[in-house]
Amino acid sequence: MNISVIVPLFNEEESLPKLHEWIQRVMQENKFSYEIIFVNDGSTDRSWQVIEDLRKENKNVHGICFRHNYGKSAALHCGFQKAQGDVVITMDADLQDSPDEIPELYRMITEEGYDLVSGWKQKRYDNRLTKNIPSKLFNATARRVTGIKLHDMNCGLKAYKQVVVKNIEVFSEMHRYIPYLAKTAGFNKIGEKVVQHRKREFGESKFGINRFVNGYLDLMTLWFLTKFGKQPMHFFGLIGSLMFFIGFIAIIVVGAMKLYALHQRVPAMLVADNPYFHLSILAMVLGCMLFLAGFLGELIIRNSQERNNYLIEQQF
């Protein structure tokens with residue numbers, strides 16, 4: 001099979017028939033063998049009934065229906081597991097992503113050898129104040145932290161080699177950082193394509209301004225897990241040791257100053273009344289706690305079933 005198209009959705013009953021017809025037309029015009037996987041993320045409207053009707057008229061349509069709204073990451077994860085196409089395309093269900101981009105995305109994967117191609121909505125029709133400006137700031141930070149030079153890391157329109165989606169785990173709200181997940185899994189040929197962004201025809205956006213706040217927090221989480229996920233002692237142990245050492249040196253200095261004052265018969269406050277003494281003790285205690293956190297993290301990793309999961313490209 002050439003292409004699997006994965007469409008996560010939540011309350012998009014009005015747009016689904018038109019999206020299905022559009023994808024089907026593009027596939028037939030380019031003579032692609034394909035499947036469309038609609039992932040219904042706990043919709044409360046008639047979205048699932050519409051998907052069932054589409055399945056009756058087109059056996060290339062498949063559906064996954066969640067009982068609860070789990071989020072886009074969960075929808076993509078299940079879609080990736082089910083996908084059978086050599087190239088996997090993801091797009092949103094709101095008709096803001098154009099299926100006409102599929103042939104070129106497919107060509108970039110199959111002919112130019114990209115592992116992943118991300119769309120870039122260079123000209124957007126969203127509200128500039130609530131979406132465009134925060135999106136630019138978010139993407140600038142993501143480029144800085146991840147080292148991946150994409151203008152729009154969170155674009156829903158992406159293309160992947162099948163091997164990529166089968167070897168990454170999309171969890172929590174990490175769908176925003178799939179290119180980074182792919183990079184850390186060893187898939188380094190990541191490209192970008194300018195794609196058309198269309199105005200929403202039906203309904204309203206399901207994402208609020210809070211997604212940008214959550215996005216920064218998720219980015220920090222992902223960076224930490226990627227860098228120190230298998231060696232937590234390298235982070236907690238180093239910082240804990242430094243804090244303990246600084247506190248230990250500081251308490252020696254406080255004690256030495258007190259002894260010097262006594263030797264010189266100079267009035268001096270009690271050591272226990274000196275604020276630097278308490279700060280030194282605090283630094284030593286925090287240092288010990290961080291060191292123990294790293295040690296416990298190492299014990300957890302040692303007993304994890306995932307500790308020796310490695311992506312092997314070839315072997316003889």
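Structure: see above.
Within every chain, residues take consecutive numbers counted from 1 along the sequence as written. Reporting of local features is limited, given that this is a predicted model, to residues whose pLDDT is at least 70; pairs of side-chain atoms are given and counted only at 80 or more, and all residues count toward the totals for whole chains, interfaces and linings. With hydrogens and water excluded, all non-hydrogen atoms of the structure serve as input to the side-chain values.

J.: Would you explain the overall build of the protein chain in this entry?
T.: Each helix corresponds to a stretch of at least 4 residues labelled H or I by DSSP, and each strand to a stretch of at least 2 residues labelled E; elements are numbered beginning at the N terminus. The number of helices and strands found in the protein chain is ten helices and seven strands. The buried share among the 316 residues of the protein chain stands at 41%. Contacts are assigned to residue pairs that have any heavy atoms within 4.5 Å of one another. Intrachain contacts of the protein chain at a sequence separation of at least 6 include 80% that bridge at least 24 residues. Surface accessibility follows the Shrake-Rupley procedure with a 1.4 Å probe radius. Residue values consider only the protein chains on display as shielding. Here the protein chain has roughly 17800 Å² of accessible surface; of this, 57% comes from carbon and sulfur atoms. Burial classes follow relative accessibility: with a 1.4 Å probe on protein chains only, a residue under 20% of its type's maximum area counts as buried, one over 50% as exposed, and anything between as partly exposed.

J.: Looking at this model, I keep getting lost on the environment of Met-284. Mind explaining?
T.: Checked against the element boundaries, Met-284 lands in helix H10 (residues 275-302). Distance from Met-284 to Leu-242, taken between C-alpha atoms, is 9.2 Å for residues 42 residues apart in sequence. Those residues in contact with Met-284 that sit more than four places away from it in its chain are Met-243, Phe-244, Gly-247, Phe-248 and Ile-251.

J.: Before we go on, may I ask you to explain the nonpolar core in this structure?
T.: What tends to happen in soluble globular proteins is that the nonpolar side chains get buried as a cluster. Val-5, Phe-38, Ile-89 and Met-91 are the most contacted members of the largest nonpolar core, which totals 33 residues. Breaking this core down by element, the ones donating at least two residues are strand E1 (3-9), helix H1 (16-29), strand E2 (34-40), helix H2 (47-57), strand E4 (87-90) and helix H4 (102-110). Apart from residues lying up to four places away in sequence, Val-5 is in contact with Ile-23, Met-27, Glu-35, Ile-36, Ile-37, Ile-89, Met-91 and Ile-102. Among the nonpolar cores identified, the runner-up in size contains 31 residues, and Ala-75, Phe-80, Ile-168 and Ile-178 belong to it. Only buried residues count toward a nonpolar core. Its members are Ala, Val, Leu, Ile, Met, Phe, Trp, Tyr and Cys residues joined through side-chain atoms within 4.5 Å.

J.: Whenever I open this one, a negative patch on the surface confuses me. Can you help?
T.: Patches were defined on residues exceeding 30% relative accessible area and lacking a salt bridge, with like-charge contacts within 9 Å and nonpolar side-chain contacts (Val, Leu, Ile, Met, Phe, Trp, Tyr) within 5 Å. A side-chain nitrogen of Lys or Arg and a carboxyl oxygen of Asp or Glu constitute a salt bridge if their distance falls within 4 Å. Counting rule for charge: Lys and Arg are taken as positive, Asp and Glu as negative, and neither His nor the chain ends is counted. The atoms used to mark charge sites are NZ of Lys, CZ of Arg, CG of Asp and CD of Glu. On the surface, Glu-21, Glu-52, Asp-53 and Glu-57 cluster together into a patch of negative charge. The element that contributes the greatest number of residues to the negative patch is H2, accounting for three residues. One can find Glu-21 in helix H1. Residue classification places Glu-21 among the exposed residues on the basis of a relative accessible area of 54%.

J.: For this particular structure, what's the right way to read helix H9 (residues 232-263)?
T.: Side chains of residues three or four places apart in an α-helix project in the same direction, reflecting 3.6 residues per turn. In this analysis, the expected span of each helix is defined as 1.5 Å times one less than the number of residues it contains. In this model H9 runs 46 Å from its N-terminal to its C-terminal C-alpha over 32 residues, within 8% of the 46 Å that 1.5 Å per residue would give. Listed in full, the buried residues belonging to H9 are Pro-232, Met-233, Gly-237, Gly-240, Gly-247, Val-254, Lys-258 and Ala-261. At the exit of H9 stands Arg-265, carrying a positive phi of roughly 55 degrees.

J.: Teacher, can you tell me more about the pattern of salt bridges here?
T.: All chains considered together, the criterion is met by eleven salt bridges. Residue Arg-25 is joined to Glu-29 by a salt bridge in which the shortest nitrogen-to-oxygen separation is 3.4 Å. Pair noted here: Arg-25 and Glu-29 are both in helix H1, with a separation of four residues, about one helical turn. Among the residues examined, Arg-25 registers a relative accessible area of 37% and is labelled partly exposed. Glu-29 gets classed as exposed once you look at its relative accessible area, which sits at 52%. It is possible to trace a salt-bridge network through shared partners that takes in Glu-104, Arg-107, Glu-111 and Glu-112.

J.: For this particular structure, what's the right way to read the side chain of Thr-90?
T.: Relative to the helices and strands, Thr-90 is located in strand E4. Judged by relative accessible area, which is 3%, Thr-90 ranks as buried. We define a polar contact as two N or O atoms separated by no more than 3.5 Å, with the added condition that, inside protein, one atom must be a possible hydrogen donor and the other a possible acceptor, whereas residues neighbouring each other in sequence contribute only through side-chain atom pairs. A polar contact of 3.0 Å, which involves the side chain of Thr-90, links it to the backbone oxygen of Gly-156. In this structure, Thr-90 is in contact with Ile-6, Leu-76, Phe-80, Gly-156, Leu-157, Lys-158 and Tyr-160, ignoring residues within four places of it in sequence.

J.: I'm lost on the side chain of Ser-15 in this one. Help?
T.: Tracing the chain through its elements places Ser-15 in the loop between E1 and H1. Look at Ser-15 and you get buried, because its relative accessible area is 0%. Looking at Ser-15, its side chain comes within polar contact range of the main-chain oxygen of Ala-93, at 2.6 Å. Non-local contacts of Ser-15, meaning those with residues more than four positions away in its chain, are made with Ala-93, Asp-94, Leu-95 and Phe-202.

J.: Got a minute to help me understand the sheet that holds strand E6 (residues 158-161) in this structure?
T.: In a beta sheet, neighbouring strands are held together by backbone hydrogen bonds and run either parallel or antiparallel to one another. When DSSP locates at least two bridges between a pair of strands, those strands are taken to pair. Spatially, the seven strands line up as an open sheet ordered E3-E2-E1-E4-E6-E5-E7, and their pairing is mixed. Looking at which strands have only one partner, the edges of the open sheet turn out to be strand E3 (61-65) and strand E7 (190-194). When strand polarity is set aside, the average angle formed by the axes of neighbouring strands in this sheet is 20 degrees. Pairing of E1 with E2 involves seven bridges; the strand directions are parallel. Within E2, the residue paired with Val-5 across the bridge is Ile-36. Lines fitted to the C-alpha atoms define the axes, with helices restricted to the stretch that makes contact. Angles between their N-to-C directions range from 0 to 180 degrees. Strands E1, E2, E3, E4 and E6 of the sheet are contacted by helix H3 (residues 72-82), whose axis makes an angle of about 155 degrees with E1.

J.: Just to check I follow, could you spell out the packing of aromatic side chains for this structure?
T.: Working definition: an aromatic ring pair is given by the centre-to-centre distance plus the angle between the planes. Centres within 6.5 Å make a pair out of two Phe, Tyr or Trp rings, where for Trp the six-membered ring is used; the pair is then stacked when the planes are under 30 degrees apart, edge-to-face when over 60, and tilted otherwise. Per the stated rule, a full pass over the model turns up nine aromatic pairs. Ring geometry for Phe-32 versus Tyr-106: centroids 4.8 Å apart, planes at 55 degrees, classification tilted. You can see Phe-32 sitting in the loop between H1 and E2 and its partner Tyr-106 sitting in helix H4, a full 74 residues away along the chain. Looking at Tyr-106, the relative accessible area reads 16%, which means it is buried. For the pair Phe-224 and Phe-228, a centre-to-centre distance of 5.6 Å together with 40 degrees between the ring planes defines the contact as tilted. With Phe-224 and Phe-228 both in helix H8 (residues 210-228), this residue pair falls four residues apart, about one helical turn. The exposure class assigned to Phe-228 is buried, which follows from its relative accessible area of 14%. Through a chain of ring-to-ring contacts, three or more aromatic side chains come together here, namely Phe-224, Phe-228, Phe-235 and Phe-236.

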